[in-house]
Every structure is written in C-alpha cells, then in structure tokens.
Amino acid sequence: MAKAPVLTPQAEDFPRWYQDLINKAELADNGPVRGTMVIRPYGYGLWERMQQEMDVRIKDAGAQNAYFPLFIPQSYLTREAQHVEGFAPELAVVTHGGGKELEEPVVVRPTSETIVNEYFSKWVQSYRDLPLLINQWANVVRWEMRPRVFLRTSEFLWQEGHTAHATYEDARDYAARIHRDVYADFMINVLGIDVVLGRKTAKERFAGAINTLTLEGMMGDGKALQMGTSHELGTNFAKAFNTQYLSRDGKQELVWQTSWGVSTRMVGGLIMSHGDDNGLRVPPRLAAVQVVVMAIKGDEAVTKVRELGDRLKAAGLRVQVDDRVDTPFGRRAVDWELKGVPVRIEIGPRDLEAGTAMLARRIPGGKEPVSVEQLAELLPTVLEEDQALLLRESRERRASRTSDVTSLAEAAEAANAGGWARIPWSELGPEGEAELAQQAVSVRCLVAEDGSVPDSDDAPGTVAIVARSY
C-alpha cells in the first residue's frame, strides 16, 4: 500500500494543502475566539524577520516608530464619513469596562488614522514641524466573517505608517516612495515574490483616501493576494481633525497626509507563493534558520555538528543544530523539509570518516556530498542561488498565467481558469468592474501599459489586472 502523503497535494485541494502546511510545519493554530490565531514560534520567527527587514527600510525612508492606544473613542471614527462607513461592518466595540457601562463606547483599533490625527493636530503647529513621519508596529482588530489563518483573521499584526506633509506633491511622492522603496524592494528582494505595483480603482480604494497604491502577488493557484497598500489621504482627515500648520507665508493651511501598511498576511503570501507538496520553502534572505546542521546518529556526529554549527554561525549564517539523535533521523528530516529551511547539512558516521557532509537543498531539491571544510565558503553562494530561483519561479508563473484580453467575458474566463487577465480600463470601466464582482472576480489594480503605476484612473493606456483573489 502506498504511503499517504504528509500534505494534501496542491493540485487536489489547494486550500486544504495550505491548512495542512500551517499545521504540520507548526506555524500557527486557531485561537479560542473565532477568527483569531495563535502564532507558534517558527511562524513568529518568520514574522520577526519580516519586521526586521521592513523596519530598516521604513527608518531609511525617514519614519520613526511610535505607539498609539488600542482603544479609540467611537466618536473619532465618525468624524470622517467615508472612513466610518468603510469600517463599520468590521468594528469591535467595547461598551462596558470595570463592571460599568462606559460613558462613550470605545472601538478596538481597526486602523489608526483617526487617533493619530487627534495627536498630529496637537503636534503640528508650523511648516517647521513637517513632514511628520510616524510608524507603529501593533495589532488591529477587524471582525472577519470568513477567517483564514494569516490571510484573514479578526486580529492580526502589522505596521501602519502615518505621515503629514505641507503639500500634495510631497505627500504623493512619499506614498509612492513607501510603495516602491520599502514594500516592493522587500517583497521582491527578500520574500522573492514578483509583485505587481499598481493603483486601486475608486471602488477598491481605502476608506477615506484619494488614492491607494497596491502590491499584488500571484499565488501558487493563480489567485491574487494584496500584499500591502500605501494611501494618499489628501486633506480628508486633516479637515475632520483640524490638522493645520502655519505656512512660510503666515497662513493656516491643512496638512496633506499618507498612511500605509503591511501585515501578517505576508506570511500567508509566502506560504502560497513558494510552498510545494513537501511543505514550505523559505527564501534564504528571509529565513530565521538558513541552515540546519543535523547529526544522523552517534556521539561523534553530535560533537561534529555542534562544532560545525559554531563555525557556520561565525561565518555570518543563521544556523540551528539538530543533535536529537534519540529521534529518528527520517522524521527530523521531514520536519525540516516541511518548515522549508533552505539547507540541511547531514552528518553521520560514514561522513565523519570521509570528512564530508551531505548537502540537501530544499528549494531546488537534491542532495550531494561536500567537504566539511568548504561549507563556510560554499553556503553563501548556494543560498543566493536559491533566493534567485524563487524569484525567477514567481516571475515565470505570473508571466505564463497572465492573458491579454479585450472583453469582459474573456477576463472572467481567464480569472476563473486560475490566472490573471490584463484588459484596457477603457474597455472595462466601473460598470464592467461591478459586473465582474458578481462573479467573485475583482480588478486587483490599474497599471500603465509599460508596467508602471498610472497617475490617474483614466490615464491613457491604463490596463486593469483582473483576477480571483484571497
């Protein structure tokens, strides 16, 4: 009888494969309240590495980290009409505290534009205070009707940036800078996901924004995932909260603002972009553990893997030693394969005699014996090759599964067949977008013919990217 696969094959049931992988790779569990999740240490290690890489880029863009309260007075959200309308179905509202009914209900933070503006209006007095560039790492709550771990949960972790500027142009350029130099750089060069940078349609725009920039990734089943967004808020929140500054000309002016964020949804995107039927494949630049050094059996092998682990750490690699020889080697190897560690170095009694180790590469697959003495020099090159391979696979998948179409019917057909469609926005328009939505197909973003981000929804030559999505 054939041995049952560890994971449901992707081709058989992609959503089941995704859930199997999260469980078997020990990434997360469902929380006790519907829509919440418990992120396990290995899964949280992926998020920590994402935080570290993102935080450097955010600070390089000039923003500083701060923290704002979890509880927001309900009246704050009502000041910006589009904002409260957009978030009303998702709000968690606290009406009692300390055994008493609250004088005013408070909302558990769904996003922080309103409370940030309450304080920006105090902190900004003059043009000398601008630009004001703030970021926070926090959790938010948006009551989710159809939860899925990492992708859609009622509580999730994220970063949210909030900025105030003296001019529309400065705010516009800063939102684009975050979109390009922070988010796209990280997703392409660290996550290895070939995201499309585009502009959201008016229907898909963030509640209260005048423009939303998005990054869309194609997952292994051909669906799209919104990986992050950067918003131009115009003066909408500044008007609602009276956030003004004294200009160089001595006039009171409203600030122009942006907000932008990415979340633990990126962990889900990582899984669905790079995972295969054997488990996760973690890009080496992201991996909390790039190399696991494994003792197959025997006391001498245990001593050797510990020494080698120290040597590889000293060479700048992120290494974990697996010397649990009381656990069968095959079981341990499968566990590391499920977790997607890029490289395994396996050492047993025969390897000790030969002065070699078995190098197992998770991303391209395959094993080969190598000299133990060459590993510290060899592994950085191996890891960079595998990083490049993941990005190349992501790019080739999107290119091969994207069709250029000219009609609504062709766009829906391509999306329902597990791919993306590119259709001129002039042929689709808001009416066609609404019709596609009835078929659970959405316009993910608008792009220019050359792949750049258009300046406006109706810019000449604008193309809509159409797909089914998560």
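Residues numbered from 1 in each chain as written. Predicted model: local features only at pLDDT ≥ 70, side-chain atom pairs only at ≥ 80, totals over all residues. Heavy atoms only, no water.

### Quick look at the sheet that holds strand β15 (residues 291–295)
With mixed pairing, five strands are arranged side by side in an open sheet as β16-β15-β17-β18-β19. Looking at which strands have only one partner, the edges of the open sheet turn out to be β16 (319–322) and β19 (367–371). Taken pair by pair, the neighbouring strands of this sheet meet at an average axis angle of 25°, ignoring direction. As paired elements, strand β17 (residues 343–347) and strand β18 (residues 356–361) share four bridges and run antiparallel to each other. The residue of β18 that forms the bridge with V343 is R361. Along the sheet, helix α10 (residues 329–339) contacts β15, β16 and β17; its crossing angle with β15, the most-contacted strand, is approximately 175°. Against the sheet, helix α12 (residues 375–400) touches β15, β17, β18 and β19, its axis set at about 10° to β18. (Pairing = 2+ DSSP bridges. Helix = DSSP H or I, 4+ residues; strand = E, 2+ residues; numbered from the N terminus. Axes fitted to C-alpha atoms, helices over the stretch in contact; angles between N-to-C directions. Contact = heavy atoms within 4.5 Å.)

### Quick look at the sheet that holds strand β6 (residues 100–108)
To summarise the sheet geometry, strands pair through backbone hydrogen bonds and adopt either a parallel or an antiparallel arrangement. If you walk across this open sheet you meet the three strands as β4-β6-β5, and the pairing is antiparallel. What marks the edges here is a single partner per strand, and that holds for β4 (71–73) and β5 (93–97). When strand polarity is set aside, the average angle formed by the axes of neighbouring strands in this sheet is 50°.

### Points about the layout of surface pockets
A volume near 1600 Å³ is recorded for the largest pocket. Looking at the lining of the largest pocket, the elements that each hand over two or more residues are α4 (81–87), β8 (155–165), β11 (224–234), β14 (256–263) and β22 (442–447). Taken together, 15 residues form the lining of the second largest pocket, with A176, L213, V453, P454 and D455 sitting closest to its centre. For the lining of the second largest pocket, the secondary structure elements donating two or more residues are α6 (168–189), β9 (196–199) and β10 (211–218). A total of six residues in the lining of the second largest pocket trace back to one element, the largest contributor, which is α6. Split by residue class, the lining of the second largest pocket holds seven nonpolar, two polar and six charged. (1 Å grid on protein atoms, 1.4 Å probe; cavity = no way out; pocket = protein on both sides within 12 Å on 5 of 7 lines; lining within 4 Å. Points joined across faces, edges and corners; volume = space filled by probe spheres on them. Nonpolar A, V, L, I, M, F, W, Y, C, P; charged D, E, K, R; others polar.)

### A short note on helix α9 (residues 299–314)
Counted at 1.5 Å a residue, the expected span for α9 with its 16 residues is 22 Å, and the 23 Å between its end C-alpha atoms agrees. Within α9 the residues assigned to the buried category are A301, V302, V305, L308, G309 and L312. Across the axial projection of α9, the buried residues extend over an arc of 135°, all falling on one side. When the buried face of α9 is taken as reference, the exposed residues oriented beyond 90 degrees from it are D299, E300, D310 and A314. Two residues or fewer past α9, G316 is found with a positive phi of approximately 95°. (Expected span 1.5 Å × (residues − 1). Buried < 20%, exposed > 50% of the residue type's maximum accessible area, 1.4 Å probe, protein only. Arc of directions from axis to C-beta.)

### Considering the packing of aromatic side chains
Aromatic ring pairs are reported here in terms of the distance separating the ring centres and the angle at which the planes meet. Considering all chains together, one arrives at ten aromatic pairs under this definition. Ring geometry for F68 and Y119: centres 6.4 Å apart, planes at 55°, overall tilted. Here Y119 lies in helix α5 (residues 113–123) and F68 lies in the loop between β3 (64–65) and β4, a separation of 51 residues in the sequence. The exposure class assigned to F68 is buried, which follows from its relative accessible area of 4%. According to the relative accessible area criterion, Y119 is partly exposed, its value standing at 30%. Ring geometry for F120 against W123: centres 6.1 Å apart, planes inclined by 45°, an arrangement best described as tilted. With F120 and W123 both in helix α5 and three residues apart, this pair spans about one turn of that helix. F120 gets classed as buried once you look at its relative accessible area, which sits at 0%. Of the residues examined, W123 reaches a relative accessible area of 42% and is grouped as partly exposed. Site record: aromatic cluster; members linked through ring pairs are F68, Y119, F120 and W123. (Phe/Tyr/Trp six-rings, centres within 6.5 Å; stacked < 30°, edge-to-face > 60°.)

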